[in-house]
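If you want the building blocks of each chain, they are given just below.
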Amino acid sequence: MKKNIILSAIFLMALVISSCGGKSDTNAGFRIKRGTNLSHWLSQSEQRGEARRLHIQEDDFERLEKLGFDFVRIPIDEVQFWDEDGKQLPEAWGLLKNALDLARKHNLRAIVDLHIIRSHYFNAVNESDKAANTLFTSEKSQQDLINLWYQLSDSLKNYSTDWVAYEFMNEPVAEEHEQWNQLVAKVHKALREREPDRTLVIGSNMWQSYGTMKYLKVPEGDKNIILSFHYYNPMILTHYGAWWTPIGQYKGKVHYPGVLVSQEDFEAAPDSIKKDLEPYTKEEWNIDRIRADFKDAIEAAKKYDLQLFCGEWGVYEPVDRELAYSWTRDMLTVFDEFNIAWTTWCYDADFGFWDQQRHAYKDYPLVELLMSGKKLEK
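Just so we're clear, the structure is a prediction, and the values are computed from it rather than from any experiment. (Residues numbered from 1 in each chain as written. Predicted model: local features only at pLDDT ≥ 70, side-chain atom pairs only at ≥ 80, totals over all residues. Heavy atoms only, no water.)

### Brief notes about the pattern of salt bridges
- Per the stated rule, a full pass over the model turns up 30 salt bridges.
- The partner of glutamate 193 in a salt bridge is lysine 189, with the nearest N and O atoms 2.9 Å apart. Here the residue glutamate 193 and the residue lysine 189 both occupy positions in helix H7 (residues 177–194), the gap between them amounting to four residues, near one helical turn. (Salt bridge = Lys/Arg side-chain N within 4 Å of Asp/Glu carboxyl O. Helix = DSSP H or I, 4+ residues; strand = E, 2+ residues; numbered from the N terminus.)

### Re the environment of tyrosine 231
- Topologically, tyrosine 231 is positioned in the loop between strand E6 (225–230) and helix H9 (235–238).
- Taking the relative accessible area as the measure of exposure, tyrosine 231 reaches 1% and is therefore buried.
- The spacing of tyrosine 231 and arginine 321 is 90 residues in sequence and 19 Å in space, taken between C-alpha atoms.
- Contacts of tyrosine 231, omitting those with residues within four sequence positions, involve Tyr210, Trp285, Ile290, Asp293, Phe294, Cys310, Glu312, Trp313, Gly314, Trp327 and Met331. (Buried < 20%, exposed > 50% of the residue type's maximum accessible area, 1.4 Å probe, protein only. Contact = heavy atoms within 4.5 Å.)

### Focus: the pairing of strand E9 (residues 307–312)
- Burial analysis of E9 places five of its six residues in the buried class, the great majority of the element.
- Sheet analysis places E9 next to strand E10 (residues 341–344), joined by two bridges and oriented parallel. Opposite phenylalanine 309, over in E10, you have alanine 341 as the bridge partner.
- A crossover links E9 with its parallel partner E10, the connecting element being helix H13 (residues 321–337), and its sense is right-handed. (Pairing = 2+ DSSP bridges. Right-handed = clockwise from strand over helix to strand, strands pointing away.)

### A closer look at the packing of aromatic side chains
- The full count for this structure, using the stated rule, is 27 aromatic pairs.
- A centroid spacing of 5.5 Å and a plane angle of 40 degrees characterise the contact between tyrosine 316 and phenylalanine 351, whose relative ring orientation is tilted. Here phenylalanine 351 lies in the loop between E10 and strand E11 (354–355) and tyrosine 316 lies in the loop between E9 and H13, a separation of 35 residues in the sequence. Of the two residues, tyrosine 316 and phenylalanine 351, neither departs from the other in class, the shared state being buried.
- An aromatic cluster is defined as three or more aromatic residues linked by ring pairs; in this entry it consists of Phe69, Tyr210, Phe229, Tyr231, Phe294, Trp313, Trp327, Phe335, Trp342, Tyr347 and Phe353.
- Arginine 63 extends its terminal NZ or CZ atom over the ring of tryptophan 354, reaching a point 3.6 Å from the ring centre. (Phe/Tyr/Trp six-rings, centres within 6.5 Å; stacked < 30°, edge-to-face > 60°. Lys NZ or Arg CZ within 6 Å of the ring centre and 35° of its normal.)

### Quick look at the nonpolar core
- The biggest cluster of nonpolar side chains holds 109 residues, and the ones touching the most others in it are Ile74, Leu227, Phe229, Tyr231, Phe294 and Phe353.
- Not counting residues within four places of it along the chain, the set of residues in contact with phenylalanine 294 comprises Phe229, Tyr231, Met331, Val334, Phe335 and Ile340.
- By size, the runner-up hydrophobic cluster in this structure holds nine residues, among which are Phe30, Ile32, Ala165 and Phe309. (Core = buried A, V, L, I, M, F, W, Y, C linked by side-chain atoms within 4.5 Å.)

### So, the side chain of arginine 34
- By secondary structure assignment, the location of arginine 34 is in strand E1 (residues 34–37).
- For the buried residue arginine 34, which engages in no salt bridge, the nearest side chain bearing the opposite charge is aspartate 70, 4.8 Å off.
- A polar side-chain atom of arginine 34 sits 3.1 Å from the main-chain carbonyl oxygen of glycine 68.
- For arginine 34, the side chain forms a polar contact with the main-chain oxygen of methionine 371, separated by 3.1 Å.
- If we ignore the near neighbours within four places in the chain, the residues touching arginine 34 are Gly68, Phe69, Asp70, Phe71, Trp342, Leu370, Met371, Gly373, Lys374 and Lys375. (Lys, Arg positive; Asp, Glu negative; His and termini not counted. Polar contact = N/O pair within 3.5 Å; in protein donor to acceptor, adjacent residues only side chain to side chain.)

### Comments concerning the pairing of E1
- Burial along E1 is two-sided: the face carrying Arg34 and Thr36 and the face carrying Gly35 and Asn37 are both buried.
- Pairing analysis gives three bridges linking E1 to E10, with the strands arranged parallel. Paired with glycine 35 across the bridge in E10 is threonine 343.
- The pairing of E1 with strand E2 (residues 71–77) spans three bridges and is classified as parallel. Opposite asparagine 37, over in E2, you have arginine 73 as the bridge partner.

The structure is reproduced here in structure tokens:
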């Protein structure tokens with residue numbers, strides 16, 4: 001009799017687990033380790049029609065799977081998905097859904113990242129349209145953001161929570177950290193009412209900085225969240241020659257590891273950039289510096305018991321390759337030490353390793369290096 005009672009209890013326990021779909025209370029299903037950004041396609045691109053359709057196709061997903069990537073981040077922009085009157089633009093929606101289907105077919109999880117919206121552009125501070133960023137001062141702009149996600153959720157909600165996640169805002173730039181925290185709470189509440197189990201990627205304020213992660217307030221009790229930060233330091237190395245940054249005007253030699261710029265090269269540089277250049281003549285940059293920079297992000301992930309994810313990192317194409325490989329190797333070492341997932345910036349644009357025009361690798365040694373680190377554990 002006692003034996004029958006024990007067997008019945010075991011059977012009931014198994015039944016309960018089965019009725020729950022085998023899910024835990026964490027985002028264990030959406031597991032990620034190494035990926036890349038499919039950038040400058042549905043975001044930050046003027047391509048439309050045939051050119052946009054041909055930009056990313058099935059062979060790209062097949063290639064990434066064969067190389068050993070396990071997920072992609074897909075940036076999307078409001079202007080590609082909605083016109084100025086808020087009407088959906090069907091072609092972009094079709095491309096996104098097809099991309100998610102192809103990602104699943106090729107065993108790649110996907111993060112849908114709302115990259116730029118009309119009320120917020122992360123680089124507006126460096127341009128003439130600073131006033132365009134109304135997101136943190138306008139209730140209407142905030143509700144508009146929520147409405148965008150209502151529509152995205154309506155379209156994507158049937159995708160498995162094990163395979164598709166949402167990043168509801170890229171690189172927020174709020175004057176006060178609490179402004180971002182309050183918006184996080186609003187959007188989180190709105191999405192959770194519709195999709196309680198979807199993994200949400202939440203970044204820190206001021207361009208998703210590692211240094212502001214300690215100010216981020218994460219909704220309590222929700223384990224289906226991944227914390228995200230971006231990292232491009234030292235900029236003089238990763239953005240060497242980048243025309244859109246002041247430091248990109250520097251033409252002298254860069255060293256890594258160690259002090260990045262010699263006093264001699266500093267003196268020879270244009271006076272207009274010396275203020276930005278001077279710190280690189282004094283500070284040592286190496287793997288220990290990277291570890292130190294990651295400290296607050298790592299501690300935040302431990303505090304909330306959540307996965308940590310570096311959503312953007314990479315080196316501009318003109319950068320000396322040996323410097324690029326040395327820095328990349330150090331980044332990968334720290335990622336693996338602390339089990340940090342990552343997506344490079346990016347797949348095929350000016351920080352990427354693939355050339356869509358020539359249909360060939362721009363930098364296969366970089367790919368080999370990226371794949372040399374730990375892969376997703378089964």
